[in-house]
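Reading the structure
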2 protein chains.
Amino acid sequence: MSTALTVEEAWAGLPATAQRLLVAGLETFGENGYHGTSTRAIAQRAGMSPAALYMHFPTKEDLLFEIARTGHEVHFARVRAAADAAGPDPSARVAAIVEASVLFHAEHHSLARTIQYEHPSLAPDHQRALLKIRRDTESFLADAVTEGVASGAFAPDDAPTAALALMSLAIDVARWYPSQRRRSPTQIATSYTHLALRLLRP
Amino acid sequence: MSTALTVEEAWAGLPATAQRLLVAGLETFGENGYHGTSTRAIAQRAGMSPAALYMHFPTKEDLLFEIARTGHEVHFARVRAAADAAGPDPSARVAAIVEASVLFHAEHHSLARTIQYEHPSLAPDHQRALLKIRRDTESFLADAVTEGVASGAFAPDDAPTAALALMSLAIDVARWYPSQRRRSPTQIATSYTHLALRLLRP
């Protein structure tokens, strides 16, 4: 399980040309969508030929998958690191997980949108690999909620549904952030952490 | 303000050829994304020539905007109708609004995804027109939350943020629905309505 906390860190071991292509893909997919981006445009932005791109990524879909996989893993790694740092108290753990997820989706809204919206463009086995990371992340949050139910700190009707809703809330930040009317990622994370604990309390 | 509760109803007054093009656009954008769909493919699905398409919609962007505008208006009309049917009690009104919004986003997830994900592909004035409907819808929910604060039924830290979060929760259903692990639209709506009232209670 990857522990890299940024995509740059996750890609640091790759050849410099592959790193440039991934960053170029991330930017162009974010600007024009996956279907609106040609491999030629990605190669051009990376300052390379289309042939050089194919050496690292046989298809445009492979490049999208590598970006999406890394994004999912970095998000999950941040969530785990935040929960570890919060210690054993279930309220502190849930608050830390929601905060880390909201911050990720606000700060990396372009990456997060590409990951979520282009999911149907991926091959079925690639979709399954990503869904596994999503389920693991959601289960990690659901476990923290269940610990809070056991300790008496929380009393949701149904812990998995509450976990789904809290993750959903964090993910949807990427859709509307940035907004003229809303505040900094930190302020949104603070508000949403309060809402999460209000929703879970007995 | 449109009161149509389905896109078909909203389009019923248009020429039959325009209706066929809108339905064809809705389907092909849902399957291949806006950038992955040519006007030729839309015309073909509607059983028409590209020239016939341009008579009704000068650009592909005009067709997307008409679909997105109608989707936003139908969603808002359903939310208002549900609140009206619920009567004056703020808890009943908020529950009805959340239920109507969740049901819309589950049942019409393909339309809802197109509306949300392709928003950046629209011209700036078209984006502004849609943002106005979104703000009006969110304000309508925020007003119901504020009424509940006044009556003592609710006590969120901040009514507009709670309304944003509840709308966000409903909209995000379109991203993950249908899911192998999750239930019918009605069951999701019931769960999320409970969560909404839990979040708002004093």
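If you're wondering where the values come from, they're calculated on a predicted model, not measured in any experiment. (Residues numbered from 1 in each chain as written. Chains lettered and ligands numbered in written order. Predicted model: local features only at pLDDT ≥ 70, side-chain atom pairs only at ≥ 80, totals over all residues. Heavy atoms only, no water.)

**Description of the overall build of chain A**
Applied cut-off: Helix numbers and strand numbers start at the N terminus; a helix is a DSSP run of H or I with at least 4 residues, a strand a run of E with at least 2. As a reference, a globule follows 2.2 Å times the number of residues to the power 0.38, and the radius of gyration itself is taken over C-alpha atoms.
If you tally the helices and strands in chain A, you get ten helices and zero strands. Seen in sequence order, chain A has helices and strands lined up from the N terminus as α-α-α-α-α-α-α-α-α-α. Over its C-alpha atoms chain A spans a radius of gyration of 18 Å, differing by no more than 12% from the 17 Å that the globule rule assigns to 202 residues. C-alpha atoms of chain A, sized along the principal axes, occupy 60 × 35 × 30 Å.

**Regarding the UniProt feature "DNA-binding region" (unreviewed entry) in chain A**
Quick note on the threshold: UniProt positions are given in the numbering used here, feature names are shortened, and annotations may be inferred rather than shown by experiment.
In this structure's numbering, the residues bearing the UniProt feature "DNA-binding region" (unreviewed entry) are residues 38-57 of chain A. Secondary structure within residues 38-57 of chain A divides into 70% helix and 0% strand; the distance between the first and last C-alpha atoms comes to 13 Å.

**Some words on the interface of chain B and chain A**
This is how the line gets drawn: Any pair of residues with heavy atoms lying within 4.5 Å of one another is described as a contacting pair. What gets called buried area is simply the loss in accessible area from a 1.4 Å probe that two parts show on being joined, summed for both. Salt bridge, as used here: a side-chain nitrogen of Lys or Arg that lies within 4 Å of a carboxyl oxygen of Asp or Glu. Note that Gly is not counted as nonpolar here; it falls among the polar residues with everything else outside the nonpolar set of Ala, Val, Leu, Ile, Met, Phe, Trp, Tyr, Cys and Pro and the charged set of Asp, Glu, Lys and Arg.
The interface of chain B with chain A comprises 34 residues on the first partner and 34 residues on the second. Each partner contributes to the roughly 3,100 Å² buried at the junction of chain B and chain A, and carbon and sulfur atoms together form 52% of this total. Of all residues in chain B, the largest losses of buried area upon contact with chain A belong to Arg175, Arg198 and Leu199 of chain B, amounting jointly to 18% of the total for that side. Our count for the chain B to chain A interface comes out at zero salt bridges. Top element by residues in the side of chain B that touches chain A is helix 9 (residues 159-176) of chain B. It accounts for eleven residues. Looking at the side of chain B that touches chain A residue by residue, the class counts come to 15 nonpolar, eight polar and eleven charged.

**Comments concerning the side chain of Arg198 of chain B**
Under the convention used in this document: Buried means the residue's accessible area, taken with a 1.4 Å probe over protein chains only, is under 20% of the maximum for its type, while exposed means over 50%, and partly exposed covers the values in between. Neither His nor the chain ends contribute to the count of charged residues, in which Lys and Arg are positive and Asp and Glu negative. Any pair of nitrogen or oxygen atoms within 3.5 Å is treated as a polar contact; in protein, a donor-acceptor pairing is required on top of that, and neighbouring residues in sequence qualify only through side-chain atoms on both sides.
Take Arg198 of chain B: it is sitting in helix 10 (residues 185-200). No salt bridge is formed by the buried Arg198 of chain B, whose closest oppositely charged neighbour, Asp157 of chain A, lies at an N-O distance of 4.3 Å. From its side chain, Arg198 of chain B meets the backbone oxygen of Arg201 of chain A in a polar contact 2.5 Å long. Sequence-distant contacts of Arg198 of chain B, defined by excluding residues within four places in its chain, comprise Ala155, Pro156, Asp157, Arg198, Leu199, Leu200, Arg201 and Pro202 of chain A.

**Thoughts on the UniProt feature "domain: HTH tetR-type" (unreviewed entry) in chain A**
Cross-referencing UniProt, the feature "domain: HTH tetR-type" (unreviewed entry) maps to residues 15-75 of chain A in the present numbering. Structurally, residues 15-75 of chain A is divided into 77% helix and 0% strand, and its ends, taken at the C-alpha atoms, are 23 Å apart.

**Side note on the nonpolar core**
Filter applied, for reference: As used here, the term nonpolar core means buried Ala, Val, Leu, Ile, Met, Phe, Trp, Tyr and Cys residues forming a set that is joined through side-chain atoms within 4.5 Å.
The biggest cluster of nonpolar side chains holds 71 residues, and the ones touching the most others in it are Val94 and Tyr192 of chain A together with Val94 and Tyr192 of chain B. Ignoring any residue separated from it by four or fewer positions in sequence, one finds Val94 of chain B in contact with Leu141, Ala144, Val145, Phe154, Leu166, Leu197 and Leu200 of chain B.

**Here we look at the pattern of salt bridges**
All names here are of chain A. Evaluation of the coordinates by the stated rule reveals 16 salt bridges over all chains. For Arg45, the salt bridge identified is with Glu31, shortest N-O distance 2.7 Å. Of the two residues, Arg45 sits in helix 3 (residues 39-45) while Glu31 sits in helix 2 (residues 16-32), which places them 14 residues apart along the sequence. For Arg45, a relative accessible area of 39% translates into the label partly exposed. Here Arg69 makes a salt bridge to Glu73, at a shortest N to O gap of 3.2 Å. Here Glu73 and Arg69 lie together in helix 5 (residues 60-86), a separation of four residues that amounts to about one turn. According to the relative accessible area criterion, Glu73 is partly exposed, its value standing at 22%. The structure contains a network of salt bridges with shared partners spanning Glu27, Glu31 and Arg45.

**A word on the packing of helix 9 of chain B against helix 10 of chain B**
Residue and element names in this part refer to chain B. In plain terms, the rule: Lines fitted to C-alpha atoms define the axes, with helix axes restricted to the stretch in contact, and inter-axis angles between N-to-C directions lie between 0 and 180 degrees. By the definition adopted for this analysis, an angle is roughly parallel if under 35 degrees, roughly antiparallel if over 145, roughly perpendicular if from 65 to 115, and oblique otherwise. In a left-handed crossing the near helix is turned counterclockwise from the far helix by less than a right angle, and in a right-handed crossing that turn is clockwise.
Packing of helix 9 against helix 10 leaves a shortest axis separation of 11 Å and a crossing angle of 160°. By the angle between their axes, helix 9 is roughly antiparallel relative to helix 10. Of the two possible hands of crossing, helix 9 and helix 10 adopt the one that is right-handed. Counting all contacts with helix 9, which are made through Ala162, Leu166, Leu169, Val173 and Trp176, the residues of helix 10 involved are Ile188, Tyr192, Ala196, Leu199 and Leu200.

**Notes on the packing of aromatic side chains**
We count it as follows: Note on ring pairs: Phe, Tyr and Trp rings are taken, using the six-membered ring of Trp, and paired if centres are within 6.5 Å. Classes follow the plane angle, with under 30 degrees stacked, over 60 edge-to-face and the rest tilted. Our definition puts a charge over a ring when NZ of Lys or CZ of Arg is within 6 Å of the ring centre and also within 35 degrees of the ring normal.
Taken as a whole, this structure holds five aromatic pairs over all chains when the rule is applied. Across from the ring centre of Phe76 of chain A, 4.6 Å away, lies the NZ or CZ of Arg80 of chain A, which sits over that ring.

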